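# Coordinate inspection notes
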Amino acid sequence: MTPHVCIALVAHLGSVSDWPELFVALGQGLGGDVPTVLHTVECLAAVVEEAGHDLAVHVLGLQETLLALVAHQGSTPVVRRKILMLYKAIVSALIAVGMEEYKTMLPRWLVVFAACCNNLQMEEDAVKSALAALRVLNTLCTSPTPTPEVQEAAENVLSSVCGFLHRAAPEYEAAVINSTAAPEEDEEEGGFQSLVMQVCEFISTVACGNKLRGMLKDRVLSVLRLVSQFMRITDGQALEWESDPNEYLACDDDDHISLSVRVCGEHLLEAAMSSRPGETKKAVLQLAGELLQQGDSSAAGWRYKEVGFLFFGLVSHSLPNPKSAKDKGGEVAAILTKAAAAVQSENPLLQSRALWLMSRSQEAICKTFPSDARVILQTAAQLLAPGRPDYLRLSAARVLARFLPDLAKKDLQLPHLILIQSGGLDGLGNLLIGSCDEALHLILEVLTICVKHCGRVVAEVQANFCEAVTTHCLAAGKDPLVHTQFLDLLSCALSQPGLKEGMQQSLLPRIAQCLASADVESHEVGAAIDIYVMIVRKSGRPIPVHLWTAVGPMLQLVQTTEDNGVLQNCTEAICVLIRHGQDHIKTHNQLGSFLGAFEKLLGPEVSDSGSTFVGAAITQLISAFSAEMSQDLTTGLMRAMLTKLYAASRPGLRQSLVLVFARLMHTGVPGVLNALQGITIPIEGKAVGGLEVLLSVWFSQWEKIGINRYSRNVSLSGLCLLLQCPDPRIDQASMATPPRVRLLEILMLAFKAEIARVSKSNESAKKLEAMEESEDDDSPDDGDAEAPDAMRDLVDALDTDDDDSEDEGDDIFREVEKADPLYQLNALNLLMEQAKAVAASPLGASLNPQAQGALAQCVQEASALVQAN
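Just so it is clear, the model here is predicted, and its values are computed rather than measured.

A word on the overall build of the protein. Helices and strands together make up the secondary structure of the protein, namely 44 helices and 2 strands. Oriented by its inertia axes, the alpha-carbon framework of the protein measures out at about 95 × 80 × 60 Å. Put simply, the protein has 869 residues, and 52% of those count as buried. The long-range share in the protein, meaning contacts at least 24 apart out of those at least 6 apart in sequence, stands at 72%. When the accessible area of the protein is evaluated, it comes to approximately 39100 Å², of which 51% is carbon and sulfur surface. Computed over 67 positive and 108 negative side-chain charges, the separation of the two mean positions in the protein equals 4 Å.

See below:
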């Protein structure tokens, strides 16, 4: 029977207790020949991993047999390792649920682990067996209550394995570090490199365990010294990074796709810093000094120096400032001085690591070594020139981004020296060519910093800058993160007077060509529209005439494309053009073209996804052109919206279309009713009136519509206007509950919800203020500490949707909302006044005493809140 069949049967039965024959069969399998034993053990391990502790407890009954197999002379090394991995699966399942049944026979297993790790030799089966034993011990050490026997075994095994690693380091250097093709290792059973990684993980587990961290006391230096031998850059890594700089960036950013010895060593250092920070910092300073000294006396010494700088950089944030009173002996200053010198090294990998360290220590260097900081920055600019490995040039770009903003403030002539004379901008522009993924993201980020802090200098080479950016602008749309970074760069450039016009002239022809072409990929079209929207929003009002050249191709694209993402982009652009260019649209009689786009977006051929933003755009259209739209045109638009409203399945789309009608109520309820009176929508073979369609959806969605301040204000104020309007057509609408009765029910529910929301927000604000005052009194130096969960909960409970200022980061729809007077509306006051009016009306008099009392209670509570605020 295969493991998959066993897993399926256990899952079907729900409990292994219902399958007693399973253990009889497994026991027989363990007594068979070697292939049968292997198959049985693999089956058991797979089923335990899937079934969890329920099966693990039962498998413990087979321990005698398993231990006998491990000790049997006829068992192969493979069988022993498979049994150890089965035991690991059993222990993991039990520890996960806090069960300790495995401890009964644990001492006998610890003897097995010790036997696997004692007197290790550089032999494949022995290394794999030690690795398997170490993996089980690591799992045992994750228990909240490891036994004294486990602690003793862990210390002995670790000592044995570390001794073996020390002896085997020369062989590792020859086989792995000095090799472009490291030996391949079995994915499951591993090999020597996997053993080194497991040792790092095991020590990390020990360091993080409350009961075990004492094992690391006074041993951090020796552990790091040992691990550093295996963390040196291999020839294979060097080749990989040279061919793909993104891999280099992934390692430097701790964005590791897969584990390696180097990565596990970094995680070990992190665990040691968490467990024993004082000892670890001293150990790193001593070890870094040793490695730098060793690097000076060895032919391949750059590898030692590189690891020394790596260790130092990983803890640099917690080391004392160089030349300060806490930098006893000047160790920090000495290492930073050597790193600055290594920037001039002839080895590009050592240069890259030194530059990495410079960027991490920028603040300390600029403060303590200002003259050196200037030299480092100029060297980095020169290293950006073509002809060097791209990973080195990217490391130099990071230094440029870190040092330039600070130094440019102190020396106004420096940006010209760095970016123009030293070739910084030319190097960045050249790096753009062929870059992708993380590399492209980094280059755009560095260019953004250059433009933001040194825009006047960048403008000196405006033509080259604009050409380089324009060449890559559309392709960047393939990666959302890169595209966002490009838009940040564009935003900064368009905010610089010396670059704004040049960017527009460079980008607009490319945008128009993209929109008019039939064979352009959708991500490029989306990027082109996003860029166009950015250009228009940054151009001010009115929109300059030359920016309208892309409008025709874009409106035509709306009519021809079926891509939902492109339609969403186009809708956003239309909204921007209406908001910022309504005078131009009126003067040049372009309203018909825009209405044609809305007809398409509301049509049945466009899915809900493609129509996502059409509601907000229509609200802007009506606000800008209500005087130019005839009654027939308005009625036709409403009919299209109601048809889409009924057919839509996405709640977001339905709610946004309801908001259009809610906003229209403020132009006059009778006028809206007049338009709706002439509209019928075919539903299930019947012609349903427009008002009935609108109210049925609105009444069913009112609660969801109020998810934010603006939509809540628009919807509730629209409902209030309907309730206040005496027009009999409202009462005549065919509804299950009379419309006015339902309106009053909804407004009462909304009133209670608003009271609760405001009360909770006020209460959270008071608690947060008290908590902040308490923290100021108790911990004046912890201002940067992360807020505890309680504080985050209070912040989340606040009514944070009260920022009335237009923010550059707002999208166009948020911008439109904030510009609407209804955004400023106080919903609590609105509902309170409405409740008072109802109470004094015949409708209020018709309510039963209980409802009247509830209404009065709400008014009283709301009045108290208003006074308190």
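What follows deals with the packing of helix 14 (residues 261–275) against helix 16 (residues 302–315). Running from N to C, helix 14 and helix 16 cross one another at 40°; their axes reach a closest spacing of 11 Å. Relative to helix 16, the element helix 14 lies oblique. When the axes of helix 14 and helix 16 are compared, the crossing they make is right-handed. Here Arg 262, Glu 266, Leu 269 and Met 273 of helix 14 come into contact with helix 16, specifically with Glu 306, Leu 310, Phe 311, Leu 314 and Val 315.

Taken as a whole and assessed by the stated rule, the structure comprises 0 disulfides. Unpaired in this structure, Cys 492 has its nearest cysteine sulfur neighbour in Cys 450, at a distance of 11 Å. For Cys 492, a relative accessible area of 18% translates into the label buried.

Take Leu 716: it is sitting in helix 37 (residues 709–724). For Leu 716 and Leu 659, which are 57 residues apart along the polypeptide, the C-alpha to C-alpha distance reads 9.9 Å. Leave out the neighbours within four places in its chain, and Leu 716 touches Leu 747, Ala 750, Leu 830 and Leu 831.

It is possible for side chains of opposite charge to pair when their charged atoms get near one another. Evaluation of the coordinates by the stated rule reveals 29 salt bridges. The salt bridge partner of Arg 579 is Glu 815, with a shortest N-O separation of 2.7 Å. With Arg 579 in helix 30 (residues 564–587) and Glu 815 in helix 41 (residues 812–819), this residue pair connects regions lying 236 residues apart in the sequence. For the pair Arg 579 and Glu 815, a shared accessibility class is recorded, and that class is buried. For Lys 586, the salt bridge is made with Glu 628, and the minimal N-O distance between the two is 3.8 Å. You can see Lys 586 sitting in helix 30 and its partner Glu 628 sitting in the loop between helix 32 (614–625) and helix 33 (631–647), a full 42 residues away along the chain. Residue classification places Lys 586 among the partly exposed residues on the basis of a relative accessible area of 33%. Judged by relative accessible area, which is 40%, Glu 628 ranks as partly exposed. A network of salt bridges, in which partner residues are shared, links Arg 537, Arg 541, Arg 579 and Glu 815.

Turning next to the confidence of the model for the protein. Taken over all residues, the pLDDT of the protein has a mean of 86, while the share at 70 or more is 91%. Confidence drops under pLDDT 50 across residues 7–14; counting only partners more than four residues distant or on other chains, this segment forms 13 contacts. Scored below 50 in pLDDT, residues 779–787 shows 3 contacts in the model against residues more than four places distant or in partner chains.

Following the criterion strictly, the structure yields 9 aromatic pairs and no others. With centroids separated by 6.3 Å and ring planes inclined at 45°, the aromatic side chains of Tyr 87 and Phe 113 adopt a geometry described as tilted. In this pair, Tyr 87 is assigned in helix 6 (residues 77–96) and Phe 113 in helix 7 (residues 106–117), connecting sequence segments 26 residues apart. This pair shows no difference in class: Tyr 87 is buried, exactly as Phe 113 is.

One ladder, built from 4 bridges, connects strand 1 (residues 680–683) with strand 2 (residues 686–689); its direction is antiparallel. Bridge assignment links Pro 682 to a residue of strand 2, and that residue is Ala 687. A loop of 2 residues connects strand 1 with strand 2, the two strands running antiparallel in sequence, and Glu 684 in this loop sits at a positive phi of about 50°.

The subject of this paragraph is unusual backbone geometry. Trans peptide bonds make up most of the peptide bonds, and negative phi angles are found at most residues other than glycine. Backbone torsion omega between Arg 541 and Pro 542 reads -5°, so that peptide bond is classified as cis. Turning to its location among the elements, Pro 542 is positioned in the loop between helix 28 (522–538) and helix 29 (551–560). Within the chain, Asp 218 stands out as a residue other than glycine whose phi angle is a positive 65°. By the secondary structure assignment, Asp 218 is in the loop between helix 10 (192–208) and helix 11 (220–228). Here Glu 684, not a glycine, exhibits a phi torsion of approximately 50°, which is positive. As for its placement among the helices and strands, Glu 684 is situated in the loop between strand 1 and strand 2.

Conventions adopted
Residues numbered from 1 in each chain as written. Predicted model: local features only at pLDDT ≥ 70, side-chain atom pairs only at ≥ 80, totals over all residues. Heavy atoms only, no water. Helix = DSSP H or I, 4+ residues; strand = E, 2+ residues; numbered from the N terminus. Buried < 20%, exposed > 50% of the residue type's maximum accessible area, 1.4 Å probe, protein only. Contact = heavy atoms within 4.5 Å. Areas by Shrake-Rupley, 256 points an atom, 1.4 Å probe, with all protein chains shown as cover. Lys, Arg positive; Asp, Glu negative; His and termini not counted. Charge placed at Lys NZ, Arg CZ, Asp CG, Glu CD. Axes fitted to C-alpha atoms, helices over the stretch in contact; angles between N-to-C directions. Parallel < 35°, antiparallel > 145°, perpendicular 65-115°, else oblique. Left-handed = near helix turned anticlockwise from the far one by under 90°. Disulfide = S-S within 2.5 Å. Salt bridge = Lys/Arg side-chain N within 4 Å of Asp/Glu carboxyl O. pLDDT = per-residue confidence, 0-100. Phe/Tyr/Trp six-rings, centres within 6.5 Å; stacked < 30°, edge-to-face > 60°. Pairing = 2+ DSSP bridges.

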